[in-house]
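Chain residues, written in single-letter form:
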Amino acid sequence: MVELFENKANYKVIGTRPVRHDGVDKVTGRAVYGADVKVPGLIWGEVLRSTEVHAKIKSIDTSAAEKFPGVIAVMTHDDLATPGRDTTRNGLNDVDREFFNIMAKDKVMYKGHVIAAVAAIDRNTAQEAVRKIKVEYEKLQPVTNVDDAVAKNAPILLDDLIGDHLGEDVKNTNIATHFRHEFGNVEEGFESADLIVDKEVTLQMVHQGYIEPHNATAIWNEDNKVTVWSSTQGSFGVRDQTAKFIGLPPSSVRVNYSEIGGGFGGKTKVYLSPIAAILSKKSNGRPVKIVMDRPSVFQATGPAPGGKVRVKMGVTNEGKITAAHATIRYEAGAYPGSAVNAGAICIFACYEMPASRIDGYDIVVNKPKSAAYRAPGSPQAAFAIETVIDEICDQKGWDKIQFRLDNAAKKGTRRGDGVLLEKIGFEESLQAAQKSEHWNSDIGKSKEGKLRGRGLACGYWMNGGGLSTCDLMLTDDGTVMMNEGSADIGGTRASIAMQAAEVLGLSAEDIKPTIPDTDSIGYTGMTGGSRTTFATGYAAYLAAQSMVDQLKSRVAILWELNEDDIDFNEGFFTSNDQELKISIKELSGKLESTGGPVSSTASVNMAAGGNGYAVHICDLEIDPETGKTDVVRYTAIQDVGKAIHPSYAEGQIQGGVVQGIGWALNEEYYLHPDGSMANHSFLDYRMPTCLDMPMIETIMVEVPNPNHPYGVRGVGEVTLAPPIAAASNAVKDATNKRILEQPIKPSRILKAIRD
Amino acid sequence: MHPFNYVAPKTVEEAVNVLEKHGDKARPLAGGTDLLVQARGNKWDLEAVVDVKKIPEAMKLEASDDGLIIGSGVPCYQIYENEEVKKHYAGIVDGAFIIGGIQIQSRAAIGGNLCNAAPSGDAICPLIVYGATANIAGPNGERKIAVEDFCIGPGKTVIKNGELLVSISVPKPAKRSGAAYERFIPRNEMDIAVAAVAVSVVIDNTGENFESVNIALASVGPTPIVARKASDYLAGKPINDASISEAASIAKDEASPISDMRGTIEHRKHLIEVITNRMIKESVKRARG
Ligand SMILES: Cc1cc2nc3c(=O)[nH]c(=O)nc-3n(C[C@H](O)[C@H](O)[C@H](O)COP(=O)(O)OP(=O)(O)OC[C@H]3O[C@@H](n4cnc5c(N)ncnc54)[C@H](O)[C@@H]3O)c2cc1C
């Protein structure tokens with residue numbers, strides 16, 4: 001279902017649903033994913049991981065592993081390049097701290113932290129050999145949550161960390177950063193309020209849960225050129241990070257694109273490529289492949305931060321927000337750099353208010369270093385703010401959509417971090433929710449003895465822009481070969497190709513997209529931040545226009561006319577007087593006689609990508625005897641700007657909801673008393689399966705982004721922002737109890753009901 | 001994982017020989033859905049796995065007037081697709097039907113589930129309430145042991161080095177009897193029981209009273225627990241909400257769970273009460289036909 005808010009041009013390709021170009025290979029199993037890579041002479045690497053949560057490494061003895069039959073190379077931290085000496089306010093640069101995350105040096109910061117690695121003739125041998133490495137630890141007290149990390153006398157996790165606390169340098173702290181965004185008079189705002197609601201939510205770390213584990217294959221050539229294959233959201237990111245960790249210039253590293261089995265933000269960091277490269281170097285250039293197992297993926301790669309988010313908000317009896325104050329404390333994991341900055345941008349971005357204060361804390365704990373996860377930082381923030389809004393409406397008896405409409409952010413609203421918003425579609429999304437079938441239908445009769453509730457929540461994600469490149473080459477049968485640099489994690493080959501097709505007046509199938517290696521395409525940032533259809537799509541748009549210009553000059557030669565006397569429309573060149581007409585298809589056979597092949601390229605650096613808003617409605621059923629929840633109906637309304645390929649936009653929206661429902665109801669890093677993760681398998685991590693999900697209805701609102709020729713806003717992330725709060729608000733509606741701790745699991749629901 | 005031998009003997013005797021030779025470095029293999037996962041996780045230091053699926057006795061599934069014989073390698077799907085089993089052993093079908101998904105059920109055996117001795121094993125409590133017996137073969141010949149005495153700790157059974165489970169015998173249920181099994185999981189599928197209960201009942205010829213009852217609890221102790229007091233309490237009692245609630249409440253006290261990632265003590269005990277109540281009612285319904 002698509003709702004239009006502006007008269008749009010009559011598109012031919014955009015808004016249609018062609019089969020994705022990579023579809024056949026993917027459904028037939030022919031697509032090559034990172035772990036499928038096979039090269040002659042391949043050997044296997046395996047890493048040794050810490051068994052301790054927090055400990056000094058007293059010694060590492062690799063001698064038994066070196067002697068193990070079949071072992072070719074062994075490495076430790078000292079084999080990596082030396083971290084840069086640049087320091088920032090925080091002491092060592094965040095990027096340089098990653099040297100110690102890739103492979104620990106003197107200290108392990110979480111269970112599963114890599115300590116050493118071996119390369120051997122096959123995988124089993126590598127696995128057996130790595131277990132022969134002996135590590136002597138001196139155990140330290142682990143710190144596993146934000147409260148313990150900031151407590152008096154808390155163990156200090158990083159000796160050299162210099163905290164930036166509102167501009168002051170602070171030593172001996174686990175708080176890497178405390179920043180504040182503020183405008184208006186917050187105190188006065190609270191004083192003038194008739195009702196103040198103040199709530200704090202607690203969240204556990206959760207994992208992106210992509211199906212495909214991390215992997216890397218690397219060859220270190222005799223001429224110090226390195227070739228890498230790795231499933232990633234961005235080949236250039238792998239190139240640059242790998243080069244840094246192994247001490248080569250980026251141009252010496254070539255990263256081949258391979259298909260990716262899910263990333264959701266978690267495949268933006270390298271974990272294995274530098275290790276595979278060094279092992280290859282130490283194995284005289286044999287190709288080395290490493291594939292993680294699932295426990296390692298959980299224990300040592302990018303979860304989303306847990307933490308605590310508190311929101312205090314004042315409103316008048318007339319239903320206007322007077323002020324709000326958020327305190328966001330996120331677990332960075334082992335090294336600084338949680339998504340707290342983004343969380344702070346998002347937390348109040350749905351609402352207009354005269355006064356706002358946002359305090360953000362980035363806090364180091366003994367858990368894996370957190371990484372991006374779909375709208376990083378926003379879902380946790382949305383849980384807090386949308387709980388408070390729901391509570392305000394409950395206490396005042398106000399309509400939950402109307403209150404939001406009365407306070408909705410719109411063009412010109414100041415976002416919490418100070419930015420003035422451009423044209424956005426939040427009000428339109430709320431109105432679409434108000435008119436939706438779901439909102440206007442009865443919640444339905446629950447099964448015998450069950451309780452039902454409905455929750456509504458909103459969310460925001462700014463959407464990224466950035467660097468992208470696209471090349472086009474016209475072939476003599478009238479099709480266009482397209483090279484673009486964006487890893488395809490959600491149908492972006494199609495959405496990018498369709499934008500070129502629209503310009504050229506060709507069909508989506510006429511464009512043949514390829515994602516080449518990093519030596520063969522201009523720089524393109526990673527697929528993340530919902531930027532790809534927006535930014536790489538814009539590069540495709542520009543490259544296509546440049547191709548049209550070139551072709552016009554060829555037509556001019558053919559017809560002996562001035563270029564000015566030639567028009568181009570929907571794939572046809574015509575003379576101004578309409579006497580002459582030629583299609584791109586026909587013209588493509590006449591390239592040789594008019595000057596040779598035609599190709600074009602465009603690179604862009606796009607400013608931010610235009611503000612995504614979502615409104616979700618969730619109906620839940622609860623068994624009050626066991627606490628079990630079932631989502632029975634779910635509708636996700638979202639301003640997508642323009643859905644280039646509606647099916648893939650809908651797929652993104654639905655996928656985010658599924659992840660959000662899992663996050664809300666059952667997923668968490670459940671820790672053993674020693675601070676290590678207990679449930680590091682899909683069996684016990686309890687992501688939802690298809691049997692746990694109803695069909696997720698989507699309503700796409702299209703308020704075009706003024707910063708994109710087709711109005712694209714980016715769709716992949718904001719969809720994960722509302723579900724935790726939507727589910728939580730539904731639980732409140734069903735039980736009249738508010739559970740402020742995620743996950744809202746059966747035992748918590750039961751306890752709340754019975755208390 | 002290091003290399004080990006795969007052996008597929010054709011007789012019980014041959015299997016016993018190989019198992020005896022390798023001692024604790026050999027494991028019998030039924031469906032392998034536990035064993036292979038555990039081997040990869042370095043739980044066992046293996047020299048040999050001994051596949052039971054080529055041994056005729058281990059692949060037998062036979063329902064007769066004497067009862068049911070389930071070979072130790074018979075996969076779950078054969079159990080829940082068998083008409084006789086469906087008719088007379090609905091409680092066993094309840095368990096077999098929820099172990100993993102279709103792929104797992106095509107390999108996983110009831111015998112493997114029992115020998116794995118997980119406190120949460122979904123096949124075990126149903127066998128217990130049906131009064132099943134394990135038929136074990138070893139270097140000293142055959143022995144029989146009640147399934148309720150088979151598990152002695154998490155992952156531990158009475159099976160000794162050199163022995164294997166050949167089959168499980170289930171006596172034919174009495175007239176006017178019914179049984180049922182249900183587990184609680186937070187999701188709808190593909191999960192490990194947080195708490196689970198199997199119940200079998202025999203009702204008297206008036207149809208109004210319990211004649212005898214067996215209740216067994218899973219995932220709330222180091223082994224499956226026979227809720228003896230709750231079972232005894234119900235024998236001879238009228239079938240009504242009060243007696244059933246009282247039995248459920250007694251069963252709750254017989255559970256001794258721990259708190260872990262799958263659930264808390266409090267939640268698990270509560271669940272035992274809820275599920276016991278539901279399963280007694282379901283068993284009565286089935287007994288009444
Ligand atoms: C995805 C997945 C989902 C699962 N879901 C469930 C579930 O919902 N409920 C549940 O209870 N389990 C579940 N399991 C666990 C497992 O599938 C079951 O326990 C299954 O019944 C084991 O049977 P098997 O035939 O595969 O056993 P195997 O793996 O072959 O053996 C299990 C153990 O028993 C021993 N053994 C096997 N046969 C014999 C014998 N004849 N004599 C002596 N010892 C023997 C083996 O050495 C091993 O220690 C799941 C497993 C997976 C991988």
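Note that this is a predicted model, so its numbers are computed, not measured.

A.B. asks: Is there a simple way to think about the overall build of chain A in this case?
C.D. replies: Check the secondary structure of chain A and you find 21 helices and 33 strands. In terms of overall size, chain A behaves like a compact globule, its C-alpha atoms giving a radius of gyration of 27 Å where 755 residues would be expected to give roughly 27 Å. Seen through its principal axes, chain A has C-alpha atoms that stretch 85 × 75 × 55 Å. For chain A, the residues scored as buried account for 64% of the 755 residues in total. Long-range contacts, defined here as pairs at least 24 residues apart, represent 79% of the contacts in chain A between residues at least 6 apart. Accessible surface computed for chain A: about 27,200 Å², of which carbon and sulfur atoms make up 48%. Charge separation in chain A, taken as the distance between the mean sites of 80 positive and 97 negative side-chain charges, equals 5 Å.

A.B. asks: Explain the domain arrangement of chain B to me, please; I cannot follow it from the model alone.
C.D. replies: Accessible area lost upon the coming together of the parts is a frequently used measure of interface size. Each assigned domain of chain B is listed with its residue range as follows: domain 1 (5–51), domain 2 (56–170) and domain 3 (177–287). Its C-alpha centre places domain 1 of chain B at a distance of 35 Å from the equivalent point of domain 3 of chain B.

A.B. asks: Just to check I follow, could you spell out the confidence of the model for chain B for this structure?
C.D. replies: Should pLDDT be low for a region, the predicted coordinates there are not to be read in detail. Scored by pLDDT, chain B has a mean of 97; 100% of the residues are at 70 or more. Across the interface, the model reports ipTM at 0.94; the global pTM reads 0.96.

A.B. asks: In this structure, what is going on with the pattern of salt bridges? I would like to understand it.
C.D. replies: When the charged atoms of two side chains with opposite charge come close together, those side chains can pair. Residues and elements named next belong to chain A. The final tally for this structure, using the stated rule, is 63 salt bridges over all chains. Among the ionic pairs, D22 bridges to R493, the shortest N-O distance being 3.3 Å. One end of the pair, D22, is in the loop between strand 1 (2–4) and helix 1 (23–27); the other, R493, is in helix 15 (residues 492–504), and 471 residues separate them in sequence. Overall, the relative accessible area of 6% leaves D22 in the buried class. Residue class for R493 comes out buried when judged on its relative accessible area of 7%.

A.B. asks: Quick question: what am I supposed to make of the pairing of strand 12 (residues 175–183) of chain A here?
C.D. replies: For a regular strand, side chains alternate in direction, first toward one face of the sheet and then toward the other. Residues and elements named next belong to chain A. Pairing between strand 10 (residues 163–165) and strand 12: two bridges, direction parallel. When the sheet's bridge partners are listed, H165 is paired in strand 12 with H178. Bridge analysis of strand 12 against strand 22 (residues 356–364) gives eight bridges, and the strand direction is antiparallel. For R180, the partnering residue across the bridge sits in strand 22 and is D359.

A.B. asks: Would you take a moment to explain the packing of aromatic side chains for this structure?
C.D. replies: Aromatic ring pairs: the centre-centre distance and the angle between the two ring planes describe each pair. Under the criterion given, the structure shown has 16 aromatic pairs over all chains. Centre to centre, the rings of Y669(A) and Y685(A) are 6.4 Å apart; their planes meet at 85°, and the pair counts as edge-to-face. Of this pair, Y669(A) sits in the loop between helix 18 (646–665) and helix 19 (682–685) while Y685(A) sits in helix 19, and the two are 16 residues apart along the sequence. Take Y669(A) and Y685(A): they sit in the same class, and that class is buried. An aromatic cluster of three or more residues is present, and its members are Y11(A), Y538(A), Y541(A) and Y710(A). Taking NZ or CZ as reference, K312(A) lies 4.4 Å from the ring centre of F190(A), over its face. Over the ring of W44(B) we find R27(B), and its NZ or CZ is 4.2 Å from the ring centre.

A.B. asks: How should the interface of chain B and chain A be read in this particular structure?
C.D. replies: Counting residues at the interface gives 23 residues for chain B, matched by 27 residues for chain A. Contact with chain A buries surface across chain B, with R187(B), N188(B) and M261(B) losing the most and accounting together for 30% of the total. Inspection of the region where chain B meets chain A yields four salt bridges. Linking R686(A) and D191(B) is a salt bridge whose minimum nitrogen-to-oxygen distance equals 3.4 Å. Broken down by element, the side of chain B that touches chain A gets its largest block of residues, six residues, from helix 11 (residues 265–288) of chain B.

A.B. asks: Even after reading the chapter, I still don't get the domain arrangement of chain A, so can you show me in this structure?
C.D. replies: Residues and elements named next belong to chain A. For chain A, the assigned domains are domain 1 (23–31 + 465–606), domain 2 (34–140 + 211–296) and domain 3 (417–463 + 609–754). The straight-line distance from the C-alpha centre of domain 1 to that of domain 3 is 37 Å. Opposite the 18 residues of domain 1 that make contact, domain 3 presents 18 residues. Overall, the association of domain 1 and domain 3 removes approximately 1,300 Å² of surface from exposure, summing both partners, and the carbon and sulfur fraction of that is 67%. There are zero salt bridges connecting domain 1 and domain 3. Seen at the junction of domain 1 and domain 3, the total is five residue pairs in polar contact (both at pLDDT 80 or more). Mapped onto the side of domain 1 that touches domain 3, the elements with two or more residues apiece are helix 15 and helix 16 (532–559). A class-by-class count of the residues in the side of domain 1 that touches domain 3 yields seven nonpolar, 10 polar and one charged.

A.B. asks: I tried to follow the site of the ligand on my own but got confused; where do I start?
C.D. replies: Residue and element names in this part refer to chain B. Neighbouring the ligand are 29 residues, the closest being P28, G31, T33, D34 and D122. The backbone of A30 places a nitrogen or oxygen atom 2.8 Å from an oxygen atom of the ligand. The backbone of L35 places a nitrogen or oxygen atom 2.7 Å from an oxygen atom of the ligand. The fraction of the free accessible surface of the ligand (980 Å²) that becomes covered by protein chains is 92%.

A.B. asks: Just to check I follow, could you spell out helix 7 (residues 235–246) of chain A for this structure?
C.D. replies: An α-helix turns once every 3.6 residues. As a result, residues three or four positions apart point the same way. Residues and elements named next belong to chain A. End to end, helix 7 covers 16 Å across 12 residues, agreeing with the expected 16 Å (1.5 Å per residue, within 8%). With nine of 12 residues buried, helix 7 lies mostly within the body of the structure. Along helix 7, the residues that are buried comprise S235, F236, V238, R239, Q241, T242, A243, F245 and I246. If you follow the buried residues of helix 7, they end up packed against helix 3 (94–102), strand 15 (215–220), strand 16 (226–230), strand 17 (253–256) and helix 8 (273–282). G247 occupies a position one or two residues after helix 7 and carries a positive phi of about 75°.

A.B. asks: Can you help me understand helix 10 (residues 340–347) of chain A in this one?
C.D. replies: Of all eight residues in helix 10 of chain A, seven are buried, a share of seventy percent or more. Against the buried residues of helix 10 of chain A lie strand 12, strand 20 (307–315), strand 21 (321–333), strand 22, helix 11 (378–396) and strand 23 (451–461) of chain A.

A.B. asks: Any chance you could explain the nonpolar core here in plain terms?
C.D. replies: Side chains of nonpolar character tend, in soluble globular proteins, to be buried together. All names here are of chain A. I347 and F426 are the most contacted members of the largest nonpolar core, which has 100 residues in total. Top contributing element to this core by residue count: helix 11, with eight residues. With near-sequence residues (within four places) excluded, I347 lies in contact with V309, V311, A326, I328, I358, A381 and I385.

A.B. asks: How should the environment of L35(B) be read in this particular structure?
C.D. replies: Residue and element names in this part refer to chain B. Position of L35 among the secondary structure elements: in helix 2 (residues 35–40). Residues L35 and G112, 77 residues apart in the sequence, show an inter-C-alpha distance of 8.8 Å. Each residue touching L35, except ones within four places of it in the same chain, is listed here: R27, P28, L29, W44 and V49.

A.B. asks: Sorry, what's going on with the sheet that holds strand 30 (residues 599–606) of chain A here?
C.D. replies: What holds strands together in a sheet is hydrogen bonding between their backbones, with the strands either parallel or antiparallel. Residue and element names in this part refer to chain A. Taken together, the four strands give an open sheet; going across it, the order is 26-25-24-30, and neighbouring strands pair in mixed fashion. Each edge of the sheet is formed by a strand with only one pairing partner; in this case those strands are strand 26 (511–514) and strand 30. Strand-to-strand twist in this sheet, taken as the mean axis angle between neighbours without regard to direction, amounts to 20°. Pairing analysis gives four bridges linking strand 25 (residues 480–484) to strand 26, with the strands arranged parallel. Counted as the bridge partner of M482 is P513 from strand 26. Sheet strands in contact with helix 15 are strand 24 (466–474), strand 25 and strand 26, and its direction is about 130° off that of strand 25. Its contacts with the sheet put helix 16 on strand 24, strand 25 and strand 30, and the angle it makes with strand 30 is roughly 145°.

Cut-off values and rules
Residues numbered from 1 in each chain as written. Chains lettered and ligands numbered in written order. Predicted model: local features only at pLDDT ≥ 70, side-chain atom pairs only at ≥ 80, totals over all residues. Heavy atoms only, no water. Helix = DSSP H or I, 4+ residues; strand = E, 2+ residues; numbered from the N terminus. Rg over C-alpha atoms; globule rule 2.2 N^0.38 Å. Buried < 20%, exposed > 50% of the residue type's maximum accessible area, 1.4 Å probe, protein only. Contact = heavy atoms within 4.5 Å. Areas by Shrake-Rupley, 256 points an atom, 1.4 Å probe, with all protein chains shown as cover. Lys, Arg positive; Asp, Glu negative; His and termini not counted. Charge placed at Lys NZ, Arg CZ, Asp CG, Glu CD. Domains from an automatic or database assignment. pLDDT = per-residue confidence, 0-100. Salt bridge = Lys/Arg side-chain N within 4 Å of Asp/Glu carboxyl O. Pairing = 2+ DSSP bridges. Phe/Tyr/Trp six-rings, centres within 6.5 Å; stacked < 30°, edge-to-face > 60°. Lys NZ or Arg CZ within 6 Å of the ring centre and 35° of its normal. Buried area = accessible area lost by both parts, 1.4 Å probe. Polar contact = N/O pair within 3.5 Å; in protein donor to acceptor, adjacent residues only side chain to side chain. Nonpolar A, V, L, I, M, F, W, Y, C, P; charged D, E, K, R; others polar. Near = heavy atom within 4 Å. Expected span 1.5 Å × (residues − 1). Core = buried A, V, L, I, M, F, W, Y, C linked by side-chain atoms within 4.5 Å. Axes fitted to C-alpha atoms, helices over the stretch in contact; angles between N-to-C directions.

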